[in-house]
Amino acid sequence: MCGTVSGCGGAFMPLSKGLEPTRAGMPKPAKTALIGAAAYHLFVNTKLTDGVIDAPQKGQVLVASFFISVSLVDLLMPLLLKKVEAKKKAD
C-alpha cells in the first residue's frame, strides 16, 4: 500500500479533494507504483526467490529497472510517434 500511495505523490493533496483525482481513471504514476510494489512483494515473499542470494536487493534493482523503462517509454514514445506520422505524410 505504501508503495502505491507514494507513487501518486500529491495527487490527493489537499486531503479535502478526496478521491476526485481518480474519477477519470487511476493516474499513470499510481499504476506504475502499484505494479512495482506488487511485483517486488511477489518476488521477495514467494517461492520465486528460493535459493536466490540477496533476493531483496535484486528485487529492488528489478523494480528500479522497471521504473526507468516506463519513464523512457513515456519520454521517447511521443518522438517516435511524430516520426511515424511524418513518414506517413511523406508517403
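A brief structural summary. Owing to the predicted nature of the structure, the values given are computational and were not obtained by experimental measurement.

Criteria and thresholds
Residues numbered from 1 in each chain as written. Predicted model: local features only at pLDDT ≥ 70, side-chain atom pairs only at ≥ 80, totals over all residues. Heavy atoms only, no water. Helix = DSSP H or I, 4+ residues; strand = E, 2+ residues; numbered from the N terminus. Expected span 1.5 Å × (residues − 1). Buried < 20%, exposed > 50% of the residue type's maximum accessible area, 1.4 Å probe, protein only. Phe/Tyr/Trp six-rings, centres within 6.5 Å; stacked < 30°, edge-to-face > 60°. Polar contact = N/O pair within 3.5 Å; in protein donor to acceptor, adjacent residues only side chain to side chain. Contact = heavy atoms within 4.5 Å. Salt bridge = Lys/Arg side-chain N within 4 Å of Asp/Glu carboxyl O. Patch = residues over 30% accessible without salt bridge, like charges linked within 9 Å, V, L, I, M, F, W, Y side chains within 5 Å. Areas by Shrake-Rupley, 256 points an atom, 1.4 Å probe, with all protein chains shown as cover. Axes fitted to C-alpha atoms, helices over the stretch in contact; angles between N-to-C directions. Parallel < 35°, antiparallel > 145°, perpendicular 65-115°, else oblique. Left-handed = near helix turned anticlockwise from the far one by under 90°. Nonpolar A, V, L, I, M, F, W, Y, C, P; charged D, E, K, R; others polar.

1. With respect to helix α2 (residues 28-45)
Consideration 1: Taking 1.5 Å as the rise per residue, α2 with 18 residues should run 26 Å; its terminal C-alpha atoms sit 26 Å apart, in good agreement.
Consideration 2: Residues of α2 that are buried include every one of A30, T32, A33, G36 and F43, and no others.

2. What to know about the packing of aromatic side chains
A ring pair, where both rings are aromatic, is described by two values, the distance of the centres and the angle of the planes.
Consideration 1: Counting across every chain of the model gives 1 aromatic pair.
Consideration 2: Measuring from centroid to centroid gives 5.9 Å for F66 and F67, while their planes differ by 45°, and the two rings are tilted.
Consideration 3: You can call F66 partly exposed: its relative accessible area is 29%.

3. A word on the side chain of T49
Consideration 1: With respect to the element layout, T49 can be found in the loop between α2 and α3 (55-90).
Consideration 2: In this structure the side chain of T49 is engaged in a polar contact, spanning 3.3 Å, whose partner is the backbone oxygen of F43.
Consideration 3: The contacts of T49, once residues within four sequence positions are left out, are F43, V44 and A55.

4. Digging into the pattern of salt bridges
Consideration 1: The final tally for this structure, using the stated rule, is 1 salt bridge.
Consideration 2: Two residues, K28 and D74, come together in a salt bridge whose shortest N-O distance is 2.7 Å. Placement of K28 in helix α2 and of D74 in helix α3 is noted, with a sequence separation of 46 residues between them.
Consideration 3: Residue K28 is classed as partly exposed on the basis of its relative accessible area of 46%.

5. Structural notes on a nonpolar patch on the surface
Consideration 1: A contiguous nonpolar patch, built from I68, L72, L75, L76 and L79 and spanning about 500 Å² of accessible area, is present on the exposed surface.
Consideration 2: Tracing the chain through its elements places L76 in helix α3.

6. Remarks on the packing of α2 against α3
Consideration 1: Put simply, α2 and α3 touch, their axes get as near as 9 Å, and they point 155° apart. Here α2 lies roughly antiparallel to α3, going by the angle between them. Note that α2 runs across α3; the crossing there is right-handed. Contacts between α2 and α3 involve K28, T32, A33, I35, G36, Y40, F43 and V44 from the former and A55, P56, K58, G59, Q60, L62, V63, F66, F67, V70 and D74 from the latter.
Consideration 2: Of the residues in the contact of α2 with α3, the class split is 12 nonpolar, 4 polar and 3 charged.

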